[in-house]
Amino acid sequence: MSLIRRSVEALKGYTPGEQPIDPAIVKLNTNENPYAPSPKVAEALRGITLSGLSRYPDPMCVALRKRLAELHGCSLEQVFVGNGSDEVLALCTRAFVENDGTIGFFNPSYSLYNVLAEIRDVGQHAVSLNDDFSWPIDAAVVELTDDPGCSLFFFTNPNAPTGRLCPREDVRRFCAGFGGVVVVDEAYVDFSSEDCASLALELDNVLVARTFSKSYSLAGLRLGYAIGAPALIEALYKIKDSYNVDGIAQVLGLAAVTDQGWMKDNAARVVATRERLCAALEHLGFRVCPSQANFLWVEPPAMEAKEMFDALRAHRILVRYFPGERTGRFLRITVGTDDHIDRLLSVVNTLCSGV
Ligand SMILES: Cc1ncc(COP(=O)(O)O)c(C=O)c1O
């Protein structure tokens, strides 16, 4: 007899992007922010004492939640803070899906969702995006009506790995038509022109999930949150680990969120570099999906995506390649500093002219 649950034994698990140790590698593969977190975070870090670490952290993250509630113009009861937004997503699969239920998401979107469904050992309902990676909103609602067990839907916006933004009114139509909980995963929203926070505060079945990993440059901290109806937030609080967010993360997250100017300035720099990269790649003949995120989803000209991935890697530039029918012709390139992007473009220029 196996010691491991059958469904766990069958799991492949999530494959995170590579984290190379060689500092000479230009790392454009996991959508991190190339700029440092706010100096207010450094100041808060210096204020952390060893004796403070001997105490458990606030299990309810009240100081940070209050600040986030102020930011979003909502109440404390409408904010949940987690150990990265990945934890928030995982808790949603435990709070909102029955054991014989189904989790929905668009394909392609964030590759963690189907892993979360496998971990929960529940069904998956992947709704295909259109050929240009836009959303078949009304058809999706009809398709999901035929799957009443689908009680949770992850709607990534801007989408990953494509970077496309779905207009808020389309997201609203989807949320109004779907019978279960919709988690609008806004990991990349600070690089975008529009957000759906207001939907989470208006509609009883919507949560908006955010992360400190991208625009706040704090992927190493593990901090994310959700806003939405108090009943949904309360459900997440009932099932979380006792101390799911460590004390250092609470203090540094509070400092980061307080310095909105720093975050917004860095996001604007990333957006400016994204637009320059987009124009340069299009000029070289790449097909570039319109992006409102801190990465570009591109199809290289006259060369297989995997071949270009390997060639870039040989030049110590790491981007992301997702094998598969919908994704295998594309590369996802994180927007780095201008210097990173100049190095990338110089190698890509050589590769394209050698074709
Ligand atoms: C769409 C999306 N959601 C959530 C996350 C995870 O964020 P966190 O680092 O807060 O767990 C990522 C990370 O890449 C992502 O791409």
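Only a predicted model underlies this, so the values are computations on that prediction, with no experimental measurement involved. (Residues numbered from 1 in each chain as written. Predicted model: local features only at pLDDT ≥ 70, side-chain atom pairs only at ≥ 80, totals over all residues.)

Before going further, it helps to examine the sheet that holds strand S10 (residues 295-299). Taking strand neighbours across the sheet as the criterion, the three strands line up as S9-S10-S12 in an open arrangement whose pairing is antiparallel. Across the chains shown, the open sheet's two edge strands, defined by having one partner strand only, are strand S9 (287-288) and strand S12 (331-334). For S10 and S12, the ladder comprises four bridges, and the chain directions are antiparallel. When the sheet's bridge partners are listed, Trp297 is paired in S12 with Arg332. (Pairing = 2+ DSSP bridges. Helix = DSSP H or I, 4+ residues; strand = E, 2+ residues; numbered from the N terminus.)

Successive side chains on a regular strand alternate, one facing one side of the sheet and the next facing the other. Counted residue by residue, strand S5 (residues 150-156) has six buried out of seven residues, so it is predominantly covered. Sheet topology note: the strand S3 (residues 102-107)/S5 ladder contains four bridges and is parallel. Along S5, the bridge assignment pairs Ile103 with Leu152. Bridging between S5 and strand S6 (residues 181-185) involves five bridges; their strand directions are parallel. Across the sheet, Phe154 pairs through a bridge with Val183, a residue of S6. You can see the chain leave S5, run along helix H7 (residues 168-177) and come back into S6, and the turn it takes is right-handed. (Buried ≥ 20, exposed ≤ 12 C-beta atoms within 10 Å, placed from the backbone. Right-handed = clockwise from strand over helix to strand, strands pointing away.)

This next bit is on the domain arrangement of the protein. Assigned domains of the protein: these are domain 1 (6-36 + 261-353) and domain 2 (39-259). Those elements that place two or more of their residues in the side of domain 1 that touches domain 2 are helix H11 (260-283) and S10. If you tally residues by element for the side of domain 1 that touches domain 2, the top one is H11, at seven residues. (Domains from an automatic or database assignment.)

Near the ligand there are 13 residues, and of these Gly84, Ser85, Asp86, Thr211 and Ser213 occur at the shortest range. Of the residues in the shell around the ligand, the class split is four nonpolar, seven polar and two charged. (Near = placed C-beta within 6 Å. Nonpolar A, V, L, I, M, F, W, Y, C, P; charged D, E, K, R; others polar.)

We now examine the pairing of strand S7 (residues 206-211). Counted residue by residue, S7 has six buried out of six residues, so it is predominantly covered. By the alternation rule, side chains of S7 split into Val206, Val208 and Arg210 and Leu207, Ala209 and Thr211, which are all buried. Bridging between S6 and S7 involves four bridges; their strand directions are parallel. Bridging from a neighbouring strand, Asp185 pairs with Ala209 of S7. In the classification by handedness, the crossover that spans S6, the intervening helix H8 (residues 197-202) and the parallel S7 is right-handed. As paired strands, S7 and strand S8 (residues 224-228) are joined by five bridges and run antiparallel to one another. Across the sheet, the residue bridging to Thr211 is Gly224, located in S8.

For the bond running from Asn107 to Pro108, omega is 0°, close enough to zero to count as cis. Along the polypeptide, Pro108 turns up in the loop between S3 and helix H5 (112-120). Of the consecutive residues Asn157 and Pro158, the connecting peptide bond is found in the cis state with omega at -5°. Secondary-structure assignment places Pro158 in the loop between S5 and H7. Positive phi outside glycine occurs at Arg316, with the angle close to 60°. One can find Arg316 in the loop between helix H12 (305-314) and strand S11 (317-318).

All right, on to the environment of Ser128 then. Looking at where Ser128 falls in the secondary structure, it is placed in strand S4 (residues 123-128). What makes Ser128 partly exposed here is the crowd of 13 C-beta atoms within 10 Å. Sequence separation of Ser128 and Glu70 is 58 residues, and the distance between their C-alpha atoms is 37 Å.

A separate point is the sheet that holds S4. The seven strands are arranged S2-S8-S7-S6-S5-S3-S4 in an open sheet whose pairing can be described as mixed. Either end of the sheet is taken by a strand with one partner, and the two such strands are strand S2 (79-82) and S4. This sheet shows a mean twist of 20° between the axes of neighbouring strands, independent of strand direction. Contacting S2 and S8, helix H3 (residues 62-72) runs over the sheet at an angle of about 130° to S2. Strands in contact with H5 are S3, S4 and S5; relative to S3, the strand with the most contacts, it is inclined by about 165°. (Axes fitted to C-alpha atoms, helices over the stretch in contact; angles between N-to-C directions. Contact = placed C-beta atoms within 7 Å.)

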